[in-house]
Amino acid sequence: MAKHSKKLLLIGWDGADWKTINPLIDQGLLPNLEKLVNQGTIGNLATLDPAYSPMLWSSIGTGKRPYKHGVLGFNEPVPSSEEEIRPVLSLSRKCKAIWNILTQEGYKTHLVGWWPSHPAEPINGVAISNFFQRATTASADNWELTPNAVHPMEAAAHFAQFRIHPQEITGNHLFPFIPNINELGSHFSQHITQLVRIIAENSSLQAAFTNIIRTREWDFASVYFDGIDRTCHEFMRYHPPKRPHIPQDEFDLFKDVIVGMYRFHDMMLGRLVELAGEEATIILVSDHGFQPDHLRPRNIPYEPAGIAYEHSPYGIFLAKGKGIKQDSLVYGASLLDITPTILHHFDLPIGRDMDGMPLLSIYENPNVPKHIASWEEVVGESGMPKAAFLNNKGALDDMMQQLIDLGYIDPPSNNKKEAHLQTKRFCDLNLARAYFDGGKIVEAKEIFEQLQFKQPNVPWIKFRLATCYQMLGEHPKCRQLIEELKQSHFYQEDMLTTMEVSLLIGEQSYQTAIDLLEKLLQKGTVKHAQVYMQAARCYSMLGQPQKTKAATEKALDLDYDNPIAHEFLGVWNYNNQYYDAAVDCFLNALGLDYNLATTHYYMGRTLLALGKYEEAASAFEVTLEMMPHNNHARQQLAYLLKTHLGKPAASVRVMQEFGKYLQGEMVVVSGLPRSGTSMMMQMLQAGGLPSFTDEKRVADENNPKGYYEHQIVKKLPHNKHWLRSANGKVVKIIAPLITHLPFNYKYKVIFMLRNPHEIYNSQERMLQRLGKREKTGTFSIALLDSLKKTVQESRLWLDKHPSVEVIYVAYEEVLKAPLEYAIKISNFLGGSVQPMEMIKPIDNRLYREKIES
């Protein structure tokens, strides 16, 4: 029995992009979509990397990243074989999708065409797999339905009659796509074959799906169409404006295909909306966009699934229904948010193991979401697919050929074991990219290193591994790979120079970086705005404001539609107190891409400086809508509400959300150098707490038991990405750097105190032992005062930081009563370290600069 009060229709348009849609709406060519836009909430939908459709649609359906759901490409090794490969299937998914959860909860649920969804899953309703519409014969006369393409099995014959064979598509059907079809030559037969298959297959899905929602009860129904994406890969090169390398006769023939396919989808949409009825909520999404303008590449890079470079990073989102805002925008949405939003719609809890969150801002009066640990722990029949359903190798081979024809995969090697190995490596590559995209840089690096070891001459593996090394501060390894890539001539000099410059910026070697960039720019061949943006960053760090501005403006000359360049120029104006000009720049950036949360954040800071407190608060509110974890914006908003807008209660409510968006927790050992920080690191590691170190700074006369440092920590003012790798560990961060900690982690700080005269003397002796200071050096009162001031400023900052718990520990007191302080520290850390083990590294003989009181 269906529960009609919350019916939800989810429609997937693979590859749909607002940049293509908006001009067509303006021309009145998409009336059904335009009506939904006016009645609902729309926005961009951020994609993931890699932007491969089976992975993305699995993330849409689960709310989880690929390393959790298990779909890792277009094809995969057969688990029980060392030779066979197959397209990804519903069996590839390791977790429940939204249709499984709703089945388990008793909702009437239907699913048509999702990629991947074969074999059809035994859900509480009709499931039609992505093998259903594929023509496996040249003629429609003996076209048998692929086994297990329909659930329930007894309905297979009924739905088979709705399929449309490519043979049934005539010239009249093609005329809306190619008005000059009569002028086509035989050499365009491949284009026509692809277009015919796209129309037939998507029409088949529409026919089956409309029959389901017209004749059967339903609470949730979803259909997926791949027509836009496939058409764009085949014909976007011909979409206006014409580019110089496209022959005029081909442009004249195919320039209307993309528009025709969007209009075709709009007509199908109109029928779906009509059948769904006014009471249904409708969500329309795409997994990524498709570059329709000058940003689409002329040539596809030679690497696996290289055609994905034609994708753009934002798909579309549209929601319309009761309680959803009308003619409104949503910001910062991700495809990971779709399943949590659907769960929230049905008043079901969101799994905390999901990577997305419900899009509450689309509702007029949103309810507070509910949560559970994981839907995987909920017992009950969910209709998850079973391997026993799979028994048709011919259908798998047909699907593999389809992927080859589309250009997503290369023809597999005739050597089955080699093909199996290549497929396994491609899945591993995608897993590493998914880890990287999810901020798990260490996990990504480990897989890239394994792939690099097995395939040492594959440039795209080297490039991504080099990026991991760059992010983790392993610069020598990164540089080695850059040099190897330069020798391979695979990547453009602009790209490699940009990466090398990023290393130098991370090392604060701005002059070396700008020398390298200027050498490249002198060649006069640079066509990438990013190179000038790197130059602008370097000039900014070197304190050369006019050159900073000139480089940014040059970047805008090359690509005026680059919102990042407008944002950077706005930040430059803000830093130089040209606040009105900064506002103009930020407005330009937001006009191009409203989803730039950092632009809204800097707009808020600029408006605050101008004394426009209401507008500043609004900018920070938008920032938090897009980027809820931006606790910097949250703190600024709370300050405005309390201090300038007279809303102390609202300020308190804002700060109540602070802890909700912390991304992790770590223990920080801080203090001035020579204040006992190394000893405390040794104690914590001995007590059982893992430390974030690279072991590059070895023990010496100054620290016989080791420093327990990581070189990347020095880059904290400019690089905070590495903090993800320190999550759950203890990291040493000296006092002068502590104030650069971001607000999106929880920190338990052990701050070491020591007599400043002892610290001064100890630092001097250390420098003398290193040969960097004469033994007869002059005592510096200014340096001593600076040490004291640094401690004072650090303590003031720590005491006010909303996500810091701090304990101040005197070095000499630990030496006097080691067990007492070990117990105090253990209690401070919640008992996560063993006091008796902590005291073992303590050595009073190393207290060498003691000043008797």
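This text follows the structure it describes.
Values in this document were obtained by computation on a predicted structure and should not be read as measured data. (Residues numbered from 1 in each chain as written. Predicted model: local features only at pLDDT ≥ 70, side-chain atom pairs only at ≥ 80, totals over all residues. Heavy atoms only, no water.)

## Quick word on the overall build of the chain
Reasoning step 1: A tally of regular secondary structure across the chain gives 34 helices and 20 strands.
Reasoning step 2: Computed over its C-alpha atoms, the radius of gyration of the chain comes to 30 Å, within 12% of the 29 Å expected for a compact globule of 853 residues.
Reasoning step 3: When the backbone C-alpha atoms are referred to their principal axes, the chain occupies close to 100 × 65 × 65 Å.
Reasoning step 4: Relative to its full complement of 853 residues, the chain shows a buried share of 57%. (Helix = DSSP H or I, 4+ residues; strand = E, 2+ residues; numbered from the N terminus. Rg over C-alpha atoms; globule rule 2.2 N^0.38 Å. Buried < 20%, exposed > 50% of the residue type's maximum accessible area, 1.4 Å probe, protein only.)

## Notes on the packing of aromatic side chains
Reasoning step 1: Applying the stated rule across the entire model yields 21 aromatic pairs.
Reasoning step 2: Centre to centre, the rings of phenylalanine 235 and phenylalanine 254 are 5.5 Å apart; their planes meet at 55°, and the pair counts as tilted. You can see phenylalanine 235 sitting in helix H9 (residues 227-235) and its partner phenylalanine 254 sitting in helix H10 (residues 248-254), a full 19 residues away along the chain.
Reasoning step 3: Their ring planes at 65° and their centres at 5.8 Å tell us that phenylalanine 751 and tyrosine 808 sit as a pair that is edge-to-face. With phenylalanine 751 in strand E19 (residues 746-753) and tyrosine 808 in strand E20 (residues 804-810), the pair connects residues that are 57 residues apart, well separated along the chain.
Reasoning step 4: For phenylalanine 751, a relative accessible area of 0% puts it in the buried group. (Phe/Tyr/Trp six-rings, centres within 6.5 Å; stacked < 30°, edge-to-face > 60°.)

## What to know about the pattern of salt bridges
Reasoning step 1: Under the criterion given, the structure shown has 32 salt bridges.
Reasoning step 2: For lysine 462, the salt bridge goes to glutamate 484, with nearest N and O atoms at 3.0 Å. Taken as a pair, lysine 462 in helix H16 (residues 459-472) and glutamate 484 in helix H17 (residues 475-488) lie far apart in primary sequence, 22 residues in all.
Reasoning step 3: For lysine 462, a relative accessible area of 9% translates into the label buried.
Reasoning step 4: Glutamate 484 sits in the partly exposed class, given a relative accessible area of 26%.
Reasoning step 5: For glutamate 474, the salt bridge identified is with lysine 477, shortest N-O distance 3.3 Å.
Reasoning step 6: For glutamate 474, a relative accessible area of 15% corresponds to the buried category. (Salt bridge = Lys/Arg side-chain N within 4 Å of Asp/Glu carboxyl O.)

## Quick word on the packing of helix H21 (residues 545-558) against helix H22 (residues 563-575)
Reasoning step 1: Viewed as axis vectors pointing N to C, H21 and H22 meet at an angle of 160°, and their least axial separation amounts to 9 Å. The angle between H21 and H22 places the two elements in the roughly antiparallel class. Handedness of the crossing formed by H21 with H22: left-handed. Here Pro545, Thr548, Lys549, Thr552, Ala555 and Leu556 of H21 come into contact with H22, specifically with Ala565, His566, Phe568, Leu569 and Trp572.
Reasoning step 2: Looking at the contact of H21 with H22, its residues break down into seven nonpolar, three polar and one charged. (Axes fitted to C-alpha atoms, helices over the stretch in contact; angles between N-to-C directions. Parallel < 35°, antiparallel > 145°, perpendicular 65-115°, else oblique. Left-handed = near helix turned anticlockwise from the far one by under 90°. Contact = heavy atoms within 4.5 Å. Nonpolar A, V, L, I, M, F, W, Y, C, P; charged D, E, K, R; others polar.)

## Re the sheet that holds E19
Reasoning step 1: If you trace the four strands from one edge of the open sheet to the other, you get E18-E17-E19-E20, paired in parallel fashion. Whereas interior strands pair on both sides, the edge strands pair on one side only; in this sheet they are strand E18 (730-732) and E20. The sheet shows a mean angle of 20° between the axes of neighbouring strands, taken without regard to direction.
Reasoning step 2: Note that E19 and E20 share seven bridges and pair parallel. By the bridge assignment, phenylalanine 751 is partnered in E20 with tyrosine 808.
Reasoning step 3: Packed onto the sheet, helix H33 (residues 818-828) meets E19 and E20 and runs at close to 175° relative to E20. (Pairing = 2+ DSSP bridges.)

## What about the packing of helix H8 (residues 189-215) against helix H11 (residues 257-276)?
Reasoning step 1: It is the contact of H8 with H11, at a shortest axis distance of 10 Å, that shows an interaxial angle of 10°. Taken as axis vectors, H8 and H11 run roughly parallel relative to one another. Contacts from Leu195, Ile198, Ile199, Asn202, Ser203, Gln206, Phe209, Thr210, Ile213 and Arg214 of H8 reach H11 at Val257, Met261, Phe264, His265, Met268, Arg271, Leu272 and Leu275.
Reasoning step 2: Per-class residue counts for the contact of H8 with H11 are eleven nonpolar, five polar and two charged.

## Things to note about the environment of arginine 605
Reasoning step 1: Topologically, arginine 605 is positioned in helix H24 (residues 597-609).
Reasoning step 2: We classify arginine 605 as partly exposed; its relative accessible area is 25%.
Reasoning step 3: Contacts of arginine 605, omitting those with residues within four sequence positions, involve Tyr574, Phe620 and Gln636.

## Some thoughts on the nonpolar core
Reasoning step 1: Ranked by internal contacts, the top residues of the largest apolar core, which has 79 residues, are Leu10, Phe220, Phe317 and Ile342.
Reasoning step 2: Tallying contributions element by element places H16 first for this core, with nine residues.
Reasoning step 3: Not counting chain neighbours up to four residues away, the residues in contact with leucine 10 comprise Trp114, Phe220, Ala221, Ser222, Val223, Ile283, Val285, Ile338 and Ile342.
Reasoning step 4: In terms of nonpolar packing, the next biggest core, distinct from the first, is built from 74 residues, Phe159, Phe254, Met261 and Ile282 among them. (Core = buried A, V, L, I, M, F, W, Y, C linked by side-chain atoms within 4.5 Å.)

## A few points about the environment of proline 835
Reasoning step 1: By the secondary structure assignment, proline 835 is in helix H34 (residues 835-838).
Reasoning step 2: C-alpha separation for the pair proline 835 and glycine 687, spaced 148 residues apart in sequence, amounts to 6.4 Å.
Reasoning step 3: Not counting the four nearest positions on each side in its chain, proline 835 is found in contact with Leu819, Ala822, Ile823 and Ser826.

## Some thoughts on the side chain of serine 826
Reasoning step 1: Secondary-structure assignment places serine 826 in helix H33.
Reasoning step 2: Overall, serine 826 belongs to the buried group, its relative accessible area being 5%.
Reasoning step 3: Setting aside residues up to four positions removed in sequence, serine 826 forms contacts with Gly831, Ser832, Val833 and Pro835.

## What about unusual backbone geometry?
Reasoning step 1: Omega for the peptide link from tryptophan 115 to proline 116 comes to 0°, which places this bond in the cis form.
Reasoning step 2: Position of proline 116 among the secondary structure elements: in the loop between strand E5 (109-112) and strand E6 (127-128).
Reasoning step 3: Following proline 240, the chain continues into proline 241 via a peptide bond in cis, with omega recorded as 5°.
Reasoning step 4: Note that proline 241 resides in the loop between H9 and H10.
Reasoning step 5: Of note in the backbone geometry, asparagine 148 takes a positive phi value of approximately 65° without being a glycine.
Reasoning step 6: Position of asparagine 148 relative to the elements: it lies in the loop between E6 and strand E7 (150-151).
Reasoning step 7: Residue asparagine 148 is classed as buried on the basis of its relative accessible area, which comes to 17%.

None of the figures reported here should be taken as evidence of function without further support.
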